[in-house]
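Next come the chains, spelled out residue by residue.
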Amino acid sequence: MDHFLYRDGLLHAEDVSVAEIAAAVETPFYLYSTATLTRHFKLFDEALEGLPHLVCYAMKAASNQAILKTLAAQGAGMDVVSGGEYARARAAGVPGSRIVFSGVGKTNAEIRAALEGGIRQFNVESEPELEAISRIAAGMGVAAPVAIRVNPDVDAKTHAKIATGKSENKFGIPIARARAVYAHAAALPGLKVVGIDVHIGSQLTDLAPFEAAYRKVADLTEALRADGHEITRLDLGGGLGIPYTRSNEAPPLPMDYGALIKRTVGHLGCEVEIEPGRLIAGNAGILVTRVIYLKSGEGRDFLILDAAMNDLIRPAMYEAHHDIVPVIEPAPGIEPQPFDIVGPVCESGDTFARARPMPPLGPGDLVAFRSAGAYGAVMASEYNTRPLIPEVMVHGDQFAVIRPRPSFDEIINRDTIPQWL
Ligand code: LLP
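None of these values were measured; they are calculated from a predicted model.

> Please clarify how the domain arrangement of the protein chain should be interpreted in this entry.
Often, the extent of an interface is quoted as the loss of accessible area on bringing the components together. Split into domains, the protein chain comes out as domain 1 (4–31 + 282–412) and domain 2 (34–279). Relative placement of domain 1 and domain 2: their C-alpha centres are 32 Å apart. With 21 residues of domain 1 at the contact, the number on the domain 2 side is 20 residues. Elements that contribute at least two residues to the side of domain 1 that touches domain 2 include exactly β20 (391–395) and β21 (398–403). When grouped by side-chain class, the residues that make up the side of domain 1 that touches domain 2 number nine nonpolar, eight polar and four charged.

> What is the right way to look at the site of the ligand in this model?
The environment of the ligand is made up of 19 residues, and the closest members are Ser202, Gly238, Gly277, Arg278 and Tyr375. Those elements that provide at least two residues to the shell around the ligand are α10 (278–281) and α11 (314–318). Of the residues in the shell around the ligand, the class split is seven nonpolar, eight polar and four charged. The residue makeup of the shell around the ligand includes at least three contributed by each of domain 1 (4–31 + 282–412) and domain 2 (34–279).

> Is there a simple way to think about the UniProt feature "active site" (unreviewed entry) in the protein chain in this case?
With numbering matched to this structure, UniProt assigns "active site" (unreviewed entry) to Cys346. Among the structural elements, Cys346 can be located in the loop between β17 (337–342) and β18 (351–358). By C-beta crowding, Cys346 is classed as exposed, having 9 other C-beta atoms within 10 Å.

> Whenever I open this one, the pairing of strand β8 (residues 121–124) confuses me. Can you help?
On a regular strand, one side chain projects to one face of the sheet and the next to the other, so that they alternate. Residue alternation in β8 divides its side chains into two sets, Gln121 and Asn123 and Phe122 and Val124, and both sets are buried. Taken together, the two bridges between strand β7 (residues 99–101) and β8 define a ladder with parallel strand orientation. Across the sheet, Phe101 pairs through a bridge with Phe122, a residue of β8. Taken together, β7, helix α5 (residues 108–117) and β8 constitute a β-α-β crossover, and its handedness is right-handed. When β8 meets strand β9 (residues 144–151), the two strands line up parallel, connected through three bridges. When the sheet's bridge partners are listed, Val124 is paired in β9 with Ile148. With respect to chirality, the unit in which β8 leads through helix α6 (residues 127–140) into the neighbouring parallel β9 is right-handed.

> I'm lost on helix α4 (residues 83–91) in this one. Help?
Each turn of an α-helix holds 3.6 residues, which means side chains three or four residues apart point in the same direction. Buried within α4 are the following residues: Glu85, Tyr86 and Ala89. Buried positions in α4, seen along its axis, are confined to an arc of 105° and lie on one side of it. The outward face of α4, more than 90 degrees from its buried face, is lined by the exposed residues Gly84 and Ala91. Packed against the buried residues of α4 are α3 (65–73), β6 (77–80), β7 and α5. The positive-phi residue at the C-terminal boundary of α4 is Gly93, with phi of around 95°.

> Could you clarify how one ought to interpret the packing of α4 against α5 in this entry?
For any two helices packed against each other, one specifies the crossing angle of their axes together with the interaxial distance. Where α4 meets α5, the axes come as close as 9 Å, and the angle between the chain directions of the two elements is 20°. In terms of their interaxial angle, α4 and α5 are classed as roughly parallel. Note that α4 runs across α5; the crossing there is left-handed. Counted together, Gly83, Tyr86 and Arg90 of α4 and Ala109, Glu110, Ala113, Ala114 and Gly117 of α5 form the full contact between these two elements.

Scoring rules and cut-offs
Residues numbered from 1 in each chain as written. Predicted model: local features only at pLDDT ≥ 70, side-chain atom pairs only at ≥ 80, totals over all residues. Domains from an automatic or database assignment. Contact = placed C-beta atoms within 7 Å. Helix = DSSP H or I, 4+ residues; strand = E, 2+ residues; numbered from the N terminus. Nonpolar A, V, L, I, M, F, W, Y, C, P; charged D, E, K, R; others polar. Near = placed C-beta within 6 Å. UniProt positions renumbered as here; feature names shortened; annotations may be inferred. Buried ≥ 20, exposed ≤ 12 C-beta atoms within 10 Å, placed from the backbone. Pairing = 2+ DSSP bridges. Right-handed = clockwise from strand over helix to strand, strands pointing away. Arc of directions from axis to C-beta. Axes fitted to C-alpha atoms, helices over the stretch in contact; angles between N-to-C directions. Parallel < 35°, antiparallel > 145°, perpendicular 65-115°, else oblique. Left-handed = near helix turned anticlockwise from the far one by under 90°.

Given below as structure tokens:
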């Protein structure tokens, strides 16, 4: 459930009319609902009730400071994957003791910064990384807390670009090598092994792959303990999918996912961490855009929007479906007609939807892309020198711009001219 609903024939974000925000901010822009963000976070937190746990929001999904502060105020930890995300989490007031650091390519500078600023644990993805963390931590005279990410060779049954738990993927160490790698870790200076980490992919719509992976992690926990390692924490990653259409069957709920976690690893006495991103932010955000032109082509009509692939790359990159809804609720009985919905960027890939049934729309009309809160703004670029679009947040009957649109001068003045020009 989210808080983007029609009220009196107009799409609202919580208690604010989307059209009113569009008049103040100018399209296109991202719009987030505080109530939806906090509701989704709490669903996970409650799903793990009874187990010692920390929900570490995967901030790669949406990392505006206002979003991080909203979630941190609810008790969220953060899952970061770069020095930049670490700095963002700290700037939002999240203590290092609530930040886990994932990713296959942590640099020396990133490792050092996290050790200096405080870190709950590094999720280590390879032996060279383990050695780098050991060297840096030992040089600083500290013990770095580490969990080792294992690759369980489980098919997450999701889009190939976002599956991470098969042996051909670049992530983690093969689970069959885990005991040897933990032995290696135990022998290195500057490390404190705290647990096991796993993440098999994103937008999973079935619990079975999670179950297969978590059972393997449970078995590994027992094997490692028998080898003498102290395993006190299990980081079970993110990946629970969201409904992208209102019509399709909904994916499993956080509550079912929590029950699965309790069933598979609850008996081990470990503290559990999870790293959901999409389920927290995805349906807590929409992209609001305006029709520029209605263009009749051969056998098709194009709706040309003022948002483009640089603002929301998911359809071009993953053939992702986003529901697109008019901001003015169509009158009952209106016959939808098919449109190709496109942006202004000079590529045919700048197509959001083909033959999408929509109510009659024309220039100036506002439409909203639903489910755009996760992997939307964070994946945007300034291709075609289109400024990064503003982000706006609603809280009850208030709204605030949480990232303004840069001016053309601000964009141009970031470039510097070499002395020979
Ligand atoms: N933890 C790790 C280690 C991850 O790699 C990811 C996502 C997550 C947690 C969060 O997964 P989530 O709960 O959001 O599914 N840009 C793609 C999604 C990429 C996901 C990458 N890793 C998209 O737009 O679909």
